[in-house]
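# A look at the structure
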There are 2 protein chains.
Amino acid sequence: MAIKEGLRPGGRSARVQESVHSAVRALLEEQDRATVTVPQIATRAGVTPSTIYRRWGDLSALLADVALARMRPDTEPADTGSLRGDLRAWAEQYLDEMSSEPGRQMLRDVQCSATPGFCATIIGGQLQTILDRYPDQPLPSVDRLINLLAAPTVFSILFSAAALEIEELHRLVEMALSQ
Amino acid sequence: MAIKEGLRPGGRSARVQESVHSAVRALLEEQDRATVTVPQIATRAGVTPSTIYRRWGDLSALLADVALARMRPDTEPADTGSLRGDLRAWAEQYLDEMSSEPGRQMLRDVQCSATPGFCATIIGGQLQTILDRYPDQPLPSVDRLINLLAAPTVFSILFSAAALEIEELHRLVEMALSQ
């Protein structure tokens, strides 16, 4: 009964999550992330450290969860009326968000967590939403779109001296559409 | 005079580098990387900590330098007689190496260093070597090859639940050749 209640949306479980996430966000504004500890987060959130360990496993998983929640888009991808337009808009926004300091930090946090695959799952969900709008035309796969749009964006941010140019991003959209 | 001598290949500078790199490699085999310190490396290498700080800046830059040196290919990219064959061979080897545990660790170390762009520079040099073999045919740019071959490989390793399939890698080679 207690467990069921804990999983109810808006119930105790959701309140614990919101409280812990808020504590992490507040602490990250006040101090360097390398100095944040689980006991500190627990005190601020009004829960025990074991609650955090039980739920998130470790600090890096919790930081990744907070980072993902922060970066998760709260709106549907823009609907421009065409697949090309939607993909361009999505890719440009993704490049923009990931290039920001919170975006870069999220990429680092997620890599350090135990479930980095969750990141590709979120992206895949957004791209699928776009594809579902155009059932009557040939469509690239979600994996192909991730390879052609998300991967070059993230690679350039993490490993290149130069940023990915919008023109190249548009050419990659064309390549995805022409296959 | 001392400085000149220090920069001579095989001179004092090269000996310091080799000694420090060896010390890092040895320590990383003995203990967890999170516990390795600059003073420890200095003691093992027979140099002062300030020599390390002066030359590499900080520990993460030194770890990245060692990781890059380890991953830097000591041979030219395979010459199969065709651009398609060379690119396939390069992409398959890159996927293979980056998926290995030393490869993953290198990706992490390089991101934490001050000069992550150096990674793309090494890859770019290898791809340029391949392109230079085929001066009489239309060629994709090095940046395009990095976007289509290296980026999806690294993205899948760092952020996806599933590995990049060889078949998809081959299709990406075809897309690079058909533009």
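Residues numbered from 1 in each chain as written. Chains lettered and ligands numbered in written order. Predicted model: local features only at pLDDT ≥ 70, side-chain atom pairs only at ≥ 80, totals over all residues. Heavy atoms only, no water.

### Topic: the relation of the copies chain B and chain A
Of the two same-sequence chains, chain B is brought onto chain A (RMSD 0.1 Å, axial shift 0.0 Å) by a rotation of 180°. On the angle and the small slide along the axis, the relation comes out as a two-fold axis. The position closest to the rotation axis in chain B is occupied by the C-alpha of B:Ala151, lying 2.6 Å away. (Least-squares fit on C-alpha atoms with pLDDT ≥ 70 in both.)

### What about the interface of chain B and chain A?
On the chain A side, the residues contacting the 28 residues of chain B number 28 residues. Of all residues in chain B, B:Phe155, B:Phe159 and B:Met175 give up the largest surface area on contact with chain A, accounting jointly for 30% of the area buried on that side. At the boundary of chain B with chain A, the tally comes to two salt bridges. Where chain B touches chain A, the interface holds four residue pairs in polar contact (both at pLDDT 80 or more). Of all the secondary-structure elements, those providing two or more residues to the side of chain B that touches chain A are α7 (101-112), α8 (117-132), α9 (142-159) and α10 (166-178) of chain B. With eleven residues, the single largest contributor to the side of chain B that touches chain A is α9(B). Classifying every residue of the side of chain B that touches chain A gives 20 nonpolar, five polar and three charged. (Contact = heavy atoms within 4.5 Å. Buried area = accessible area lost by both parts, 1.4 Å probe. Salt bridge = Lys/Arg side-chain N within 4 Å of Asp/Glu carboxyl O. Polar contact = N/O pair within 3.5 Å; in protein donor to acceptor, adjacent residues only side chain to side chain. Helix = DSSP H or I, 4+ residues; strand = E, 2+ residues; numbered from the N terminus. Nonpolar A, V, L, I, M, F, W, Y, C, P; charged D, E, K, R; others polar.)

### Details of the nonpolar core
Ranked by internal contacts, the top residues of the largest apolar core, which has 78 residues, are A:Trp90, A:Phe155, A:Phe159, B:Trp90, B:Phe155 and B:Phe159. Aside from chain neighbours lying at most four places away, what touches B:Phe155 is A:Tyr94, A:Ala120, A:Ile123, A:Ile146, A:Ala150, A:Ala151, A:Val154 and B:Ser160. Counting 16 residues, the second-largest nonpolar core is a separate cluster that includes B:Val20, B:Val36, B:Val38 and B:Ala45. (Core = buried A, V, L, I, M, F, W, Y, C linked by side-chain atoms within 4.5 Å. Buried < 20%, exposed > 50% of the residue type's maximum accessible area, 1.4 Å probe, protein only.)

### A word on the UniProt feature "DNA-binding region" (unreviewed entry) in chain A
Per the UniProt record, "DNA-binding region" (unreviewed entry) is annotated on residues 37-56 of chain A. Along residues 37-56 of chain A, the helical share is 80% and the strand share 0%, with 13 Å between the first and last C-alpha atoms. (UniProt positions renumbered as here; feature names shortened; annotations may be inferred.)

### Considerations on the UniProt feature "domain: HTH tetR-type" (unreviewed entry) in chain A
Mapped onto this structure's residue numbering, the UniProt feature "domain: HTH tetR-type" (unreviewed entry) falls at residues 14-74 of chain A. Helix and strand shares over residues 14-74 of chain A are 75% and 0% respectively, and the end C-alpha atoms of the span are 18 Å apart.

### Brief notes about helix α5 (residues 59-71) of chain B
Given a rise of 1.5 Å per residue, 13 residues ought to cover 18 Å, and the 18 Å separating the end C-alpha atoms of α5(B) matches this to within 8%. Among all positions of α5(B), only B:Ala61, B:Leu62, B:Leu63, B:Ala64, B:Val66, B:Ala67, B:Leu68 and B:Met71 are buried. (Expected span 1.5 Å × (residues − 1).)

### Thoughts on the packing of helix α2 (residues 12-30) of chain A against helix α3 (residues 38-45) of chain A
All names here are of chain A. For the pair α2 and α3, interaxial distance at closest approach is 8 Å and the crossing angle is 115°. Viewed along their axes, α2 and α3 form a crossing whose handedness is right-handed. Contacts between α2 and α3 involve Ser19, Val20, Ala23, Val24, Ala26, Leu27 and Glu30 from the first element and Gln40, Ile41, Arg44 and Ala45 from the second. For the contact of α2 with α3, the residue count by class is seven nonpolar, two polar and two charged. (Axes fitted to C-alpha atoms, helices over the stretch in contact; angles between N-to-C directions. Left-handed = near helix turned anticlockwise from the far one by under 90°.)

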